[in-house]
Amino acid sequence: MPATSVREYPEQWWDEVLGVAILGGEDAGFVPPSVPLARVATPVLAGPQSVCEVWRAGRPVTTGARGRIRYRCTETMLFGAIELDEDAMPAEADGVSALHRATVAAYREVFALLDEAGYPALFRAWNYFPAINAVADGSERYWQFNAGRQEAFGAGGRCTSGGVPAACALGSAHGPFTLYFIALREAPRAIENPRQVCAYHYPEQYGPRSPTFARASLALSLVPPVLFVSGTASIVGHETLHRGDVVAQTAESFRNIAAVLDEARRVAPPGVSFALRDLAYKVYVRHADDLGAVRACFREHVGDDVPAVFVQADVCRGDLLVEIEASGRQAMEDGR
């Protein structure tokens, strides 16, 4: 929803809000302090200057805090958010970067909360931090993030392959390391794409530690089942296709999402189906000047009347120009 619309809701409306992510530059003062909040510096490229991604439970929620995490939960799921300033990370003699340490710290806090609160299954994670493609402290920052994430998963007793959550990692314009997430009491089903190598099996040319995420995650314990499609780009096998061609990359991304939906339908209960037009989308565009071409390709594949927000962000590989994430089957409130 536009941030201006969210400002107009009465105080009691917030009683059913699990959490909020603000995309763009809007001041967050209108969000009650008890509500988990992620401020994401990804400029909105179409429509209002700031957009709120609001996750509502449809019933009153329980509020809590643990360490630097603010969270809200229902009987089946938990939403939380944490921000860590890399510059404030304590210096250590282990040779790892501040981003690596921030990633480890954030995820270790997440897993400690989930174990303590009884929501052990991480369902979906959104990760944002500046200069994702920059080389600093001897390696690319995305590689540093992957190393920290994998370390934290292992330390937290989580799988680093197979049953991993849906996720994305994008380069924000500025700001702290920001993580927001949804967790469940019952483990979701990890979905992979037969057109792609599993991210956790990428060869070492993409970094010494592989990314820790599934192509999608399907919560069969929720009614109706909820699907999250991870950030999806123009990768077939493990290689980037269509370098320099944003239209071809966008079309390839949709082919990958379609393949993931085919796999999700195989394991979904009878009567539950997923189609491109059933989803809500967040589209990350590396270069703002490419917005028109990306939107035209988007309309070609899914039409004009599906919920979507287009933002500027750097994608995890320097040769990727667009990334698309999606979710489906949860009730949508379109505040446009």
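The present account deals with the structure reproduced in this document. (Residues numbered from 1 in each chain as written. Predicted model: local features only at pLDDT ≥ 70, side-chain atom pairs only at ≥ 80, totals over all residues. Heavy atoms only, no water.)

Before going further, it helps to spend a moment on the environment of tyrosine 9. Among the secondary structure elements, tyrosine 9 is positioned in the loop between helix 1 (3-6) and strand 1 (17-23). Here the alpha-carbon distance between tyrosine 9 and leucine 227, two residues 218 residues apart in the chain, equals 28 Å. Every residue in contact with tyrosine 9, bar those within four places of it in the chain, is listed here: Met1 and Trp14. (Helix = DSSP H or I, 4+ residues; strand = E, 2+ residues; numbered from the N terminus. Contact = heavy atoms within 4.5 Å.)

Taken as a whole and judged by the stated rule, the model has 22 aromatic pairs. Ring plane angle 55 degrees and centroid distance 5.8 Å describe the contact between tryptophan 55 and phenylalanine 228, whose orientation is recorded as tilted. A residue pair is termed long-range when its members are at least 10 positions apart, and tryptophan 55 in strand 3 (residues 51-56) and phenylalanine 228 in strand 14 (residues 226-232) qualify at 173 residues. Each ring, one from phenylalanine 145 and one from phenylalanine 177, has its centre 6.1 Å from the other, and the planes form 40 degrees; the classification is tilted. Of this pair, phenylalanine 145 sits in helix 3 (residues 141-155) while phenylalanine 177 sits in strand 11 (residues 177-184), and the two are 32 residues apart along the sequence. The two residues phenylalanine 145 and phenylalanine 177 agree in class, both being buried. Members of the aromatic cluster, connected to one another through ring pairs, are Trp55, Phe79, Phe123, Trp126, Tyr128, Tyr180, Phe228 and Tyr284. The positively charged end of arginine 185 is found above the aromatic ring belonging to tyrosine 119, 4.0 Å away from the centroid. (Phe/Tyr/Trp six-rings, centres within 6.5 Å; stacked < 30°, edge-to-face > 60°. Buried < 20%, exposed > 50% of the residue type's maximum accessible area, 1.4 Å probe, protein only. Lys NZ or Arg CZ within 6 Å of the ring centre and 35° of its normal.)

With that settled, the discussion passes to the environment of aspartate 85. Examined against the element boundaries, aspartate 85 turns out to sit in the loop between strand 6 (77-84) and helix 2 (98-117). Along the sequence, aspartate 85 and alanine 98 sit 13 residues apart, while their C-alpha atoms lie 9.1 Å from each other. A polar contact of 3.0 Å, which involves the side chain of aspartate 85, links it to the backbone nitrogen of aspartate 87. (Polar contact = N/O pair within 3.5 Å; in protein donor to acceptor, adjacent residues only side chain to side chain.)

Moving on to the pairing of strand 17 (residues 279-285). Across the seven residues of strand 17, seven count as buried, placing the element largely inside the fold. Covered by surrounding structure in strand 17 are Leu279, Tyr281, Val283 and Val285 together with Ala280, Lys282 and Tyr284, the residues of both alternating faces. Pairing between strand 17 and strand 18 (residues 308-312): five bridges, direction parallel. Along strand 18, the bridge assignment pairs lysine 282 with valine 309. Crossover handedness for the path strand 17 to helix 5 (residues 291-302) to strand 18: right-handed. (Pairing = 2+ DSSP bridges. Right-handed = clockwise from strand over helix to strand, strands pointing away.)

This brings us to the layout of surface pockets. Its boundaries defined by the atoms lining it, the second largest pocket holds a volume of some 320 Å³. Lining the second largest pocket are 22 residues, and of these Tyr142, Tyr202, Ile235, Cys316 and Arg317 lie nearest its centre. Only helix 3, strand 10 (166-172) and strand 14 provide two or more residues apiece to the lining of the second largest pocket. (1 Å grid on protein atoms, 1.4 Å probe; cavity = no way out; pocket = protein on both sides within 12 Å on 5 of 7 lines; lining within 4 Å. Points joined across faces, edges and corners; volume = space filled by probe spheres on them.)

Before going further, it helps to spend a moment on the nonpolar core. In this structure, Tyr107, Leu114, Phe177, Leu179 and Phe181 are the most contacted members of the largest nonpolar core, which totals 40 residues. Looking at which element gives the most residues to this core, the answer is helix 2, with nine residues. Val44, Met77, Ala81 and Val226 belong to the second-largest nonpolar core, a separate cluster that totals 31 residues. (Core = buried A, V, L, I, M, F, W, Y, C linked by side-chain atoms within 4.5 Å.)

Our focus in this paragraph is the sheet that holds strand 6. Within the open sheet, the six strands sit side by side as 4-5-6-11-7-10. Their pairing is mixed. If you trace the sheet from one side to the other, it starts and ends with strand 4 (62-66) and strand 10, each paired once. Across the sheet, the axes of successive neighbouring strands diverge by a mean angle of 15 degrees, strand direction being ignored. Where strand 7 (residues 121-130) meets strand 11, seven bridges bridge the pair, whose relative direction is antiparallel. Paired with leucine 122 across the bridge in strand 11 is alanine 183. (Axes fitted to C-alpha atoms, helices over the stretch in contact; angles between N-to-C directions.)

All right, on to helix 5 then. Here helix 5 spans 16 Å end to end across 12 residues, near enough to the 16 Å set by a 1.5 Å rise per residue. Residues of helix 5 that are buried make contact with helix 4 (246-267), strand 17, strand 18 and strand 19 (322-328). Looking one or two residues past helix 5, glycine 303 carries a phi angle of roughly 90 degrees, positive in sign. (Expected span 1.5 Å × (residues − 1).)

On to the state of the cysteines, then. For the structure shown, the criterion picks out zero disulfides. Note on cysteine 52: no disulfide assigned, nearest cysteine sulfur contributed by cysteine 168 at a separation of 17 Å. Considering cysteine sulfurs only, cysteine 198 is the nearest to cysteine 159, which forms no disulfide, with 13 Å between them. (Disulfide = S-S within 2.5 Å.)

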